[in-house]
There are 2 protein chains.
Amino acid sequence: MPSVRDIAKSAGVSVATVSRVLNNSPRVSDEAKRKVLEVANRSRYVATVGKRSTTNIAFVYTGESSLGSPFDATLMRGMALGMEEFGFDLMVLDARRARRRHEAYSHMFMRKGIRGAVLRTTAPTVDICRQIADEGFPAVVVGSRIEEPGVSYIYSDSRQTSQEAVDHLTGLGHRRIAVCLNIVDDSDHADRLAGYRAALASAGIEYDEKMVVRATALREGGAQLIRRLMGMSPRPTAVFITDPYTAMGALNESRKAGVRVPEDLSIVGFDDAELRYMVYPEMTAVCQDALAMGREAFSVLNEMLSIKPAPVSDQVKTTSRSTVIRRSMQTWLEVHDSTGPCPP
Amino acid sequence: MPSVRDIAKSAGVSVATVSRVLNNSPRVSDEAKRKVLEVANRSRYVATVGKRSTTNIAFVYTGESSLGSPFDATLMRGMALGMEEFGFDLMVLDARRARRRHEAYSHMFMRKGIRGAVLRTTAPTVDICRQIADEGFPAVVVGSRIEEPGVSYIYSDSRQTSQEAVDHLTGLGHRRIAVCLNIVDDSDHADRLAGYRAALASAGIEYDEKMVVRATALREGGAQLIRRLMGMSPRPTAVFITDPYTAMGALNESRKAGVRVPEDLSIVGFDDAELRYMVYPEMTAVCQDALAMGREAFSVLNEMLSIKPAPVSDQVKTTSRSTVIRRSMQTWLEVHDSTGPCPP
DNA sequence: CACCTATGATGAAACTGTTTCATGAATTGT
DNA sequence: ACAATTCATGAAACAGTTTCATCATAGGTG
């Protein structure tokens, strides 16, 4: 564990200069900055003020993630439970804004006294998760299944329940069942599509690519979806919508377009909070427990942090990759009023 | 600004013991703990590690506040904007869990490296806000108007718009207009009641206490409300519901009870996020911009923190009360489909 | 051109808070 | 009753940050 004094000696400057570089003080030459950052990053420097051990956990989002979404909000509430239970403090951080140029993610975390991170990511920013895992920093991805080596995650296994959802539709006599996926592909939506296909297969219905529709994860995406479905011929009599907001938008647009739910169209949606009760009609949905996921994230990090890191010899710089923990949470199907028998 | 060494001298112990007390180390006698905490609290101790100045802002809720509500979620998104703009980091904190016994709030904040606080409170926990203000810690209450000396706040002035909302109803010919308030009284709901009364007065309608109904700020509260209203005689033809979730619950229960909205009952709700678009029919509502409030909170704290505190002489311990800043944000009325002409 | 002044980068030293280690006191087990 | 263990504590060592003095350089003015 190098100190500022070690770095100073190695970089050929004073500790004062090292400290200035590490804190972005304006009065420092580019040359000194370059030298210090080079040594600091190479030696995996972590700031430990007076050997103080902080207990901050960061909730890291990546700018494109929707911090105010019901899922994130519920997640946050779950994390608040974890804070109490495991005695951590929670910091909210935008991974891309908070980091400085040429700074390793783990360095950025340590600079802020963060011991572990809960990562929230979307498909385009998966590389951030990979990089953090590569640096060996204790982190867990929540709400996405990132199949990269070294990446820990907690996700909801929605494949089985998605299949049940579509089984529910075939059980009601539906044969022309559409599925709506997000415009960006991720493992979750792949799971749901797999569940959809399995259910079709078990009901002896042939898979038809034209029944797979893409929409944005917004109200407007759901509206678009309904307009698309109504233009199809033959029309689907049911649709499985894999995103909460899209499902909500679809329900509302149906009403505007004069499509009766469930008489003309059965809709199975997705819910990670309470949305299914807010819409009309109350929505049959595949549900996941974002609250429990938030709490579980802290449990996982607690486990990671209680494993003592292997002592790194001064000579060999091993990449001390942290333990990989992967957990899957249950989802369940709730049948409400947006699904009904297939129209004749 | 006392240091651990000053406190040690004053309390008659070593700096090591002071540090142990301040960090809840188990190996310390009650006697030493008492002496140190006494001096630390009296001298307004703040931890400044190596004169490092942290830039953490805390989002403080009080356990009873609903962290996962749309309002708080949107607020959080707004604060994320403020983080970027003003260069702060955000920490999430439960005021009551995080604090230790006999610890002043400002001490607790400083122990965690927090420079300023955004407070989210409900009526029963107003005293926490008052106490933090009394300690002179830079803090701003968001979403409540706390008329206590020294307390800064940002709130939505919903009085005027509430009046407009009820004007809208009287303009549609309604005469028997109920209002639904939260079961706990706070200044916001008082404002909305005042707006309601003003609108009645200007329309020449007499104020009737029986038309003031209380409900919890939950879906179920809204359901209860509808059952109450339907049992009244004569029945109100319109209701102004001052909480988003209550309004949502009322809309859904109306449908279940066979009450048509707006044909039988006009509903004006309240919205601080996007709820008005999620329900059916889309809800006429008094809207506030929680996003802007979150951002504004950081602006206010930035202002507070850039004012240098008066230097405290070693002899006179003045209570350095921080500047009081109060801002009000605009609310607006959006007319959608849950209000209509008064039935004959 | 010479000289003074302002600015900027830097390091030694001073300072802040935390932890380790040694020490003496108190408690407990046999 | 005595040894062993545990506990509370302070001195010292250590980690990071900032202040202050120093030196170099650039720029304006006679």
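Residues numbered from 1 in each chain as written. Chains lettered and ligands numbered in written order. Predicted model: local features only at pLDDT ≥ 70, side-chain atom pairs only at ≥ 80, totals over all residues. Heavy atoms only, no water.

Asks: What exactly am I supposed to notice about the packing of helix H8 (residues 159–171) of chain A against helix H9 (residues 187–202) of chain A here?
Replies: The description of two helices packed together rests on the angle between their axes and the distance between the axes. Residue and element names in this part refer to chain A. Where H8 contacts H9, the two axes come as close as 7 Å, and the packing angle between them is 40°. Accordingly, the angle class assigned to the pair H8 and H9 is oblique. Considering the relative orientation of H8 and H9, their crossing is right-handed. Together, Arg159, Ser162, Gln163, Val166 and Asp167 of H8 and Asp191, Arg192, Ala194, Gly195, Tyr196, Ala198, Ala199, Leu200 and Ser202 of H9 make up the contact between the two elements. Grouping the constituent residues of the contact of H8 with H9 by class yields six nonpolar, four polar and four charged. (Axes fitted to C-alpha atoms, helices over the stretch in contact; angles between N-to-C directions. Helix = DSSP H or I, 4+ residues; strand = E, 2+ residues; numbered from the N terminus. Parallel < 35°, antiparallel > 145°, perpendicular 65-115°, else oblique. Left-handed = near helix turned anticlockwise from the far one by under 90°. Contact = heavy atoms within 4.5 Å. Nonpolar A, V, L, I, M, F, W, Y, C, P; charged D, E, K, R; others polar.)

Asks: Looking at this model, I keep getting lost on helix H8 (residues 159–171) of chain B. Mind explaining?
Replies: Since there are 3.6 residues in each turn of an α-helix, residues three or four apart along the chain are aligned in direction. Residue and element names in this part refer to chain B. Counted at 1.5 Å a residue, the expected span for H8 with its 13 residues is 18 Å, and the 18 Å between its end C-alpha atoms agrees. For H8, the complete set of buried residues consists of Thr161, Ser162, Gln163, Ala165, Val166, His168, Leu169 and Thr170. Tucked inside the fold, the buried residues of H8 contact strand S6 (177–182), helix H9 (187–202), strand S8 (238–241), strand S9 (266–271), strand S10 (284–288) and strand S12 (331–334). Just downstream of H8 lies Gly173, where phi reads positive at about 100°. (Expected span 1.5 Å × (residues − 1). Buried < 20%, exposed > 50% of the residue type's maximum accessible area, 1.4 Å probe, protein only.)

Asks: It is not clear to me how the pairing of S6 of chain B should be interpreted in this structure. Could you clarify?
Replies: A regular strand places its side chains so that they alternate between the two faces of the sheet. Residues and elements named next belong to chain B. By the criterion of burial, S6 is predominantly enclosed, with six of the six residues buried. Examined bridge by bridge, S6 and S8 share four bridges and lie parallel to one another. In the strand pairing of S8, Ala178 is matched with Val239. Across four bridges, the pairing between S6 and strand S7 (residues 212–215) is parallel. (Pairing = 2+ DSSP bridges.)

Asks: It is not clear to me how the packing of helix H1 (residues 4–11) of chain A against helix H3 (residues 30–42) of chain A should be interpreted in this structure. Could you clarify?
Replies: Residue and element names in this part refer to chain A. Direction vectors running N to C along H1 and H3 enclose 125°, while the axes themselves pass 9 Å from each other. Put simply, H1 runs oblique to H3. As for how H1 packs across H3, the hand of that crossing is right-handed. Only Lys35, Val36, Val39, Ala40 and Arg42 of H3 make contact with H1, whose side of the interface consists of Ile7, Ser10 and Ala11. Looking at side-chain class alone, the contact of H1 with H3 contains five nonpolar, one polar and two charged residues.

Asks: Got a minute to help me understand the sheet that holds strand S6 (residues 177–182) of chain A in this structure?
Replies: Two strands in a sheet stick together by hydrogen bonds in their backbones, pointing the same way (parallel) or opposite ways (antiparallel). Residue and element names in this part refer to chain A. Strand order in the open sheet made by the six strands is S7-S6-S8-S9-S10-S12, with mixed pairing throughout. Edge positions in the open sheet fall to strand S7 (212–215) and strand S12 (331–334), since each of these has one partner strand only. Taken over all neighbouring pairs, the strand axes of this sheet differ in orientation by 20° on average, direction set aside.

Asks: Is there a simple way to explain the interface of chain A and chain B in this structure?
Replies: In many reports, interface size means the accessible area that the parts give up when they come together. Between chain A and chain B, the contact holds 34 residues from the first and 34 residues from the second. For the pairing of chain A and chain B, the buried interface totals around 3100 Å² over both sides, and the portion due to carbon and sulfur atoms is 56%. Broken down residue by residue, the surface that chain A buries against chain B is led by Val92, Met278 and Tyr280 of chain A, which jointly contribute 18%. Among the salt bridges present, the one from Lys256 of chain A reaches Glu282 of chain B, with a minimum N-O distance of 3.4 Å. Along the contact surface separating chain A from chain B lie eight residue pairs in polar contact (both at pLDDT 80 or more). (Buried area = accessible area lost by both parts, 1.4 Å probe. Salt bridge = Lys/Arg side-chain N within 4 Å of Asp/Glu carboxyl O. Polar contact = N/O pair within 3.5 Å; in protein donor to acceptor, adjacent residues only side chain to side chain.)

Asks: Looking at this model, I keep getting lost on the relation of the copies chain A and chain B. Mind explaining?
Replies: Each of the two chain copies can be brought onto the other by rotation about an axis and movement along it. Mapping chain A onto chain B calls for a screw motion: a turn of 180° about the axis and a shift of 0.0 Å along it, with 0.2 Å RMSD after fitting. The superposition operator between the copies reduces to a two-fold rotation axis. Among all residues of chain A, the minimum C-alpha distance to the rotation axis is found for Met91 of chain A, at 2.2 Å. Take the interface residues of chain A: 100% of them recur as interface residues in chain B, which is what a same-surface contact looks like. (Least-squares fit on C-alpha atoms with pLDDT ≥ 70 in both.)

Asks: Please explain the pattern of salt bridges as it appears in this structure.
Replies: Side chains that differ in charge, positive against negative, can pair when their charged atoms come close. Summed over the entire model, instances satisfying the criterion amount to 38 salt bridges over all chains. For Arg120 of chain A, the salt bridge is made with Asp72 of chain A, and the minimal N-O distance between the two is 3.0 Å. With Arg120 of chain A in the loop between strand S3 (114–119) and helix H7 (126–134) and Asp72 of chain A in helix H4 (residues 70–86), this residue pair connects regions lying 48 residues apart in the sequence. Relative accessible area serves as the criterion here: at 0%, Asp72 of chain A is assigned to the buried category. For the salt bridge of Arg260 of chain B with Asp264 of chain B, the shortest nitrogen-to-oxygen distance reads 2.9 Å.

Asks: Any chance you could explain unusual backbone geometry here in plain terms?
Replies: Glycine aside, negative phi is the norm for most residues, and most peptide bonds take the trans geometry. Residues and elements named next belong to chain A. In this chain, Ser233 is followed by Pro234 through a cis amide linkage whose omega measures 5°. If you trace the backbone, Pro234 turns up in the loop between helix H10 (219–231) and strand S8 (238–241). Cis peptide bonds are those with omega within 30 degrees of zero, and the linkage from Tyr280 to Pro281 qualifies with -10°. With respect to the secondary-structure elements, Pro281 resides in the loop between helix H12 (275–278) and strand S10 (284–288).

Asks: What is the right way to read the environment of Thr216 of chain A from this model?
Replies: Residues and elements named next belong to chain A. Note on placement: Thr216 falls in the loop between S7 and H10. Separated by 29 residues in the primary sequence, Thr216 and Tyr245 have C-alpha atoms spaced 8.9 Å apart. Apart from residues lying up to four places away in sequence, Thr216 is in contact with Ile183, Gly221 and Thr246.

Asks: Hey, could you run me through the sheet that holds S10 of chain B in this one?
Replies: Residues and elements named next belong to chain B. The sheet built from six strands is open, its strands ordered S7-S6-S8-S9-S10-S12 with mixed pairing. Two strands lie at the open edges of the sheet, namely S7 and S12, each paired on one side alone. Taken over all neighbouring pairs, the strand axes of this sheet differ in orientation by 20° on average, direction set aside. Where S10 meets S12, four bridges bridge the pair, whose relative direction is antiparallel. Along S12, the bridge assignment pairs Ala285 with Glu334. On the sheet, H9 packs against S6, S7, S8 and S9 and is oriented at approximately 170° with respect to S6.

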